[in-house]
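Given next are the chains, with one letter for each unit.
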Amino acid sequence: MPNTVKNILFIMFDQLRWDYLGCTGHPTLKTPHLDRLASKGMRFTNAYVQSPICGSSRMSFYTGRYVQSHGAQRNNFPLKVGEVTLGDHLRAAGMDAFLIGKTHMEADAEGLERLGIPPDSVIGARLSECGFDVVLRDDGLWTEGPDGPYDTRVSPYNTYLRSKGYPAENGWSENANAVALENGEVTSGWFMKYINRPANVAEPDSETPWLTGQAIDFLDQPGRDDRPWLCHLSYIKPHWPYVVPAPYNEMFGPEDVVPPVRSEDEKNDPHPVFAAYMETLVARSFSRQEVREKAIPSYMALIKQADDQMGRLFTYLEEAGRMENTMIVVTSDHGDYLGDHWLGEKNFFHDCSVKIPLIIYDPRPEADATRGQSCDALVEAIDLTATFIECAGKEVPDHIVEGRSLCPLLHGEAPGDWREVVISEMDYSTTQMAKSLSMPHKDARLFMVFDGRWKLVHAEGGLPPLLFDLHDDPDELKDLGRDPAYESERRRMYDHLHAWSRRLSQRTAISDAKLDAMQGKYPRQGVLLGLYDGSEVQEENLCKVPAVPARQDTLD
């Protein structure tokens, strides 16, 4: 097993597309600090999330298990009590696991109550927070509407803004995600018409610098390195609202907006679920060029701000001498359509939604041979849990964790049995799309299987599949799911999906090693089924009958 790493800094951005970094080829957006990290580590070019939905994707990151396994299939679906998390695995290896930022975790309150676990106990808190010890949790959705707030907890960011002198009770809504107009008025950042204007907050007080400061303060505490740690630094941006403070709001303009990846042919007899998503308000909005020319420069600016904060963070780590013993991972929970394929948001399976950036800097000398390289192996988000467990010095419990450690790839090894496909899933049962399609909850599900060239999307409910050939159609513009000429490819991809569906995923309470130890155990404990005269087993296994007279009634 490779040498352990002392610490792990697990950085996640929310809704960051894989292709909106300098090192992944964006034509005008430069991200020198993340690019420098990639030059010191490895960039994975075929990394996919297990769901394009925030909450379900993150629960896979934090458990190392597919969505179908952990069951938290959509935002606000609880992660059931009993799921073993990354924090559980790492603490067993002697490494603490801390959270700063977002998880989108929904606690299984009914499960806690059933088991009599107080939510405010140490165990209850960890079960409610994806297994992390929370330094600060902020999911970045402090919205309010006619039915009340989206998140009913106390906002630590709003508390911070009030401490800085901002008078609003909800500074997230009235400052950081509000827009200052030219006439001095302030309007909501939800209106994309105005988001080229600066956010109504000073740049150092906006969400991304705030979280960076919180992380530095935490890491700088005395005694922080007394025990190995993983710190999950989970940023809120560049997730909507696409609002950014000055001077970032002026860094990009319509000339920086790349043309949308879409075709009029996609609207010609589209798959029913795809068609339903194209009719959503956000899809119709991002189909308008004037919206893209407002939103995308702000999205780019949020990424530029994030990269600048990475420079601040990496400088701190270097000056503190922590780069030599800290693995740094940078990734995203999913992408963003931004008008590609006539869609906005995420919620479907084109690469701009389910493919993610993944950069791993491994400080160990074993990784020296691969520094600055890219790896095109098929990688899944669940692989990070396995990677972190191995880095902490423990064997990956593969009866629980469904991902695979990336350490061999980081160290230049080429496993001969690496996976052939990646899987992603989506439950849309709570959406208007399910209602418009009259789809029962159990059938409002989609499954993606991708082998590096062919991408199949299976739809439950008797609907046809979608199929894309990314070799001949890298932009995924032509759906071959109903084309008779591609029946053999569809059948082959379905074979992969069916093999995945038959995996052993719920026997998590006992490992293969324990099963091995149980084989042949019972005869040595006196269980001797099927014997005729005893010659069938070793004599030492035979029951010894005490040498006492038989009962008289047995002789009669």
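The structure we're discussing is the one just above.
What comes next concerns the included structure. (Residues numbered from 1 in each chain as written. Predicted model: local features only at pLDDT ≥ 70, side-chain atom pairs only at ≥ 80, totals over all residues. Heavy atoms only, no water.)

**Thoughts on the environment of Ser-429**
Tracing the backbone through its elements, the reader meets Ser-429 in the loop between β16 (422-427) and α16 (432-436). Judged by its relative accessible area of 10%, Ser-429 falls in the buried class. With 12 residues separating them in the primary sequence, Ser-429 and His-441 have C-alpha atoms 4.9 Å apart. With sequence-adjacent residues up to four places away left out, Ser-429 is seen in contact with Phe-77, Ala-434, His-441 and Ala-444. Side-chain polar atoms of Ser-429 contact the side chain of Asp-427, separated by 2.6 Å. (Helix = DSSP H or I, 4+ residues; strand = E, 2+ residues; numbered from the N terminus. Buried < 20%, exposed > 50% of the residue type's maximum accessible area, 1.4 Å probe, protein only. Contact = heavy atoms within 4.5 Å. Polar contact = N/O pair within 3.5 Å; in protein donor to acceptor, adjacent residues only side chain to side chain.)

**Focus: helix α2 (residues 54-63)**
Of all 10 residues in α2, 10 are buried, a share of seventy percent or more. Along α2, the positions that sit buried rather than exposed are Cys-54, Gly-55, Ser-56, Ser-57, Arg-58, Met-59, Ser-60, Phe-61, Tyr-62 and Thr-63. Trailing α2 by a residue or two, Gly-64 shows a phi angle of about 75°, which is positive.

**So, the pattern of salt bridges**
Summed over all chains, the structure comprises 43 salt bridges. Among the salt bridges present, the one from Asp-19 reaches Arg-17, with a minimum N-O distance of 2.9 Å. You can call Asp-19 buried: its relative accessible area is 19%. Assessed through its relative accessible area of 5%, Arg-17 is described here as buried. Where Arg-17 meets Asp-340, a salt bridge forms, and the shortest distance between an N and an O atom there is 3.1 Å. One end of the pair, Arg-17, is in the loop between β1 (7-13) and α1 (32-40); the other, Asp-340, is in the loop between β11 (326-332) and α13 (351-354), with 323 residues separating them in the sequence. As far as the burial class goes, Arg-17 and Asp-340 line up, both buried. When salt bridges with common partners are traced through the structure, they connect Glu-129, Arg-137, Asp-139, Asp-151 and Arg-153 into a single cluster. (Salt bridge = Lys/Arg side-chain N within 4 Å of Asp/Glu carboxyl O.)

**Let's talk about the sheet that holds β1**
Ordered in space as β5-β4-β10-β1-β11-β13-β2-β14, the eight strands form an open sheet in which the pairing is mixed. Only two strands of the sheet have a single neighbouring strand rather than two, namely β5 (133-137) and β14 (373-375). Ignoring which end each strand starts from, the neighbouring axes of this sheet average 15° apart. Both strand β2 (residues 42-44) and strand β13 (residues 358-361) contribute to a ladder of two bridges, which runs antiparallel. (Pairing = 2+ DSSP bridges. Axes fitted to C-alpha atoms, helices over the stretch in contact; angles between N-to-C directions.)

**Focus on the sheet that holds strand β12 (residues 355-356)**
If you walk across this open sheet you meet the three strands as β12-β3-β15, and the pairing is mixed. Because the sheet does not close on itself, it has two edges, and the strands there are β12 and β15 (379-380). Examined bridge by bridge, strand β3 (residues 47-48) and β12 share two bridges and lie antiparallel to one another. Each residue of the ladder has a partner; that of Tyr-48, found in β12, is Lys-355.

**Some thoughts on the side chain of Arg-262**
Mapped onto the elements, Arg-262 comes out in the loop between β10 (229-234) and α10 (272-278). Within the buried set, Arg-262 has no salt-bridge partner at all; the shortest N-O distance to an opposite charge, 6.5 Å, is to Asp-340. For Arg-262, the contacting residues outside a window of four places in its chain are Phe-286, Ser-287, Arg-292, Gly-339, His-341, Trp-342 and Leu-477. (Lys, Arg positive; Asp, Glu negative; His and termini not counted.)

**Observations concerning the packing of aromatic side chains**
Overall, the coordinates contain 19 aromatic pairs when judged by the stated rule. Plain terms: the ring middles of Phe-348 and Phe-349 are 6.0 Å apart, the flat faces sit at 50° to each other, and that makes the pair tilted. By relative accessible area, Phe-348 is classed as buried at 2%. Put simply, the rings of Tyr-20, Tyr-242, Phe-286 and Tyr-299 pair up and form one aromatic cluster. Sitting above the plane of the Phe-98 ring, Arg-224 keeps its charged end 5.1 Å from the centroid. Of note, Lys-355 hangs over the ring of Trp-18, and the distance from its end group to the ring centre comes to 4.0 Å. (Phe/Tyr/Trp six-rings, centres within 6.5 Å; stacked < 30°, edge-to-face > 60°. Lys NZ or Arg CZ within 6 Å of the ring centre and 35° of its normal.)

**Quick notes on unusual backbone geometry**
Looking along the chain, the bond that leaves Lys-237 and enters Pro-238 is cis, with omega of 10°. Here Pro-238 shows up in the loop between β10 and α10. With an omega of 5°, the peptide bond between Ala-246 and Pro-247 qualifies as cis. Along the chain, Pro-247 turns up in the loop between β10 and α10. Located in the positive-phi region is Cys-130, a residue other than glycine, with phi close to 60°. For Cys-130, the position within the fold is in the loop between α6 (122-128) and β5. Notably, Leu-338 is not glycine yet its phi reads approximately 55°, a positive angle. Looking at the secondary structure, you find Leu-338 in the loop between β11 and α13.

The values are spatial; any link to function lies outside them.
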